[in-house]
Amino acid sequence: MLDSPALFYMGTALVATIAACRFQAWLSVKGLRFERVAPASVRVGDLVTVQITVWSDRKIRRPLIMIRDNRPGRLLLADLSDSLPIAAAYDIPIQTQYQFRPLKRGRYRWSGLTVEGTDALGLVTQRKHYDTSPAEMTVLPRPIPVSIELPAAAGWGISEAESGQTRGAGLEPRGVRNFVHGDSLRHVHWRSTAKTGQLLVKEFEAGTHSAAAFLIQRTQGTELGEGADTSLELICGHVVYLAEAFLRQGARVVFPGLDNAPSHGSVHERTHEIYEQLAAIEADCPETLGDQAAALVGDLPTGSVLFVFMAVADRTLLSAISRLAAKGTSVVPLVYDANVFPRKRGIVSATDPAYMGALRDAGGIPSLMPSEVANAEKR
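If you're wondering where the values come from, they're calculated on a predicted model, not measured in any experiment. (Residues numbered from 1 in each chain as written. Predicted model: local features only at pLDDT ≥ 70, side-chain atom pairs only at ≥ 80, totals over all residues. Heavy atoms only, no water.)

(A) Broad picture of the overall build of the protein. The helix and strand inventory of the protein stands at seven helices and 19 strands. Put simply, the protein has 379 residues, and 47% of those count as buried. Of the contacts made within the protein by residues no fewer than 6 positions apart, 73% connect residues no fewer than 24 positions apart. Carbon and sulfur atoms form 53% of the exposed surface of the protein, whose accessible area is close to 19300 Å². (Helix = DSSP H or I, 4+ residues; strand = E, 2+ residues; numbered from the N terminus. Buried < 20%, exposed > 50% of the residue type's maximum accessible area, 1.4 Å probe, protein only. Contact = heavy atoms within 4.5 Å. Areas by Shrake-Rupley, 256 points an atom, 1.4 Å probe, with all protein chains shown as cover.)

(B) Region of the structure containing unusual backbone geometry. Its identity as a non-glycine residue notwithstanding, D79 has a phi of 55°, on the positive side. The topology assignment puts D79 in the loop between β5 (77–78) and β6 (94–102). For D79, a relative accessible area of 52% puts it in the exposed group.

(C) View of the sheet that holds strand β18 (residues 330–335). Strand order across the open sheet formed by five strands is β16-β13-β17-β18-β19, with parallel pairing between neighbours. In this open sheet, the two edge strands, each paired with only one partner strand, are β16 (252–254) and β19 (367–368). In this sheet, β16 lies alongside strand β13 (residues 211–216) in parallel orientation, the contact comprising three bridges. Each residue of the ladder has a partner; that of A211, found in β16, is R252. (Pairing = 2+ DSSP bridges.)

(D) Structural view of the pattern of salt bridges. Applying the stated criterion across every chain yields a total of nine salt bridges. Between R36 and D69 there is a salt bridge, and its shortest N-O distance comes to 2.7 Å. With a gap of 33 residues between them, R36 in strand β1 (residues 32–37) and D69 in strand β4 (residues 65–69) connect regions that are remote in the sequence. With relative accessibility at 8%, the residue D69 sits in the buried group. (Salt bridge = Lys/Arg side-chain N within 4 Å of Asp/Glu carboxyl O.)

Everything listed here is a matter of geometry and, on its own, says nothing about what the molecule does.
Structure below.
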């Protein structure tokens, strides 16, 4: 239009350069294969490293590409680091990785990723989605230390769990564990000690009457809070801590409604089983806490202690406590202050004085639990 040969040649060179850059960017994200490796299980707050290996199916030199994993949106995390840029090569596996810390327990599954490539000059960017084999990862709850006052169990053994008096009192061996101060040398498992080079002792069942049953409030609408800072997350952290403490001291730990057939293996095996169960629970149960407790009448061994973890007052629990107490089961409601968490209208906190009094009148032994936000310490 301007009849300028110089301008025409400059414009043609510019258009050709942009076209070449676009083609190079398009080529950088084509013909790739990927493999993702993620840990099978981690605990809340642990640093997770996800490895991604890339192969090029074409014998071409490629510029650097960025890989963005398609993680599930419900996977709450912190300290996310981007994967390093890499240049894929033909038949040579090139690895990159990224890291994050999961903030909420659960079972997560994801697949697919997005590749972002540019030309050598960085003028044009192209993106392409690739389907990959699914990755599965279980985020286990992290134990949150807590101290509770155990009720006297009239010689049934549960009140001695904290002091360790029940450990080794039975006759049936349940496994081996590391030697701790106070263990008798006559219980040393010499064969395992010789194999591992560490002093290991035999661990015995503490007797069927040393039993702790944990009942967690998971009725629909009873999980208070948002994201990773909810009442159920805090409860699960306390539960795994207490369950581990009881198991180490030889008590039998059961979760009615969650593990109808708990394993009777070693402490390590049972602990792992409990972690896996608690990683998956959600507040989606249609039954009230009282209905679940009432179903246990007659099922728990006489002398057992039922620990009930709850943040929302449940009036149906009162009659269940009375029936359980009549059958020789001590009920210890471990209550959390619902006012600490954002809550819905109509919710009455389990720490309400009137409700606490009703629990005592029904025969329960309520105990107030710390209700600090679950992830405040981890952050």
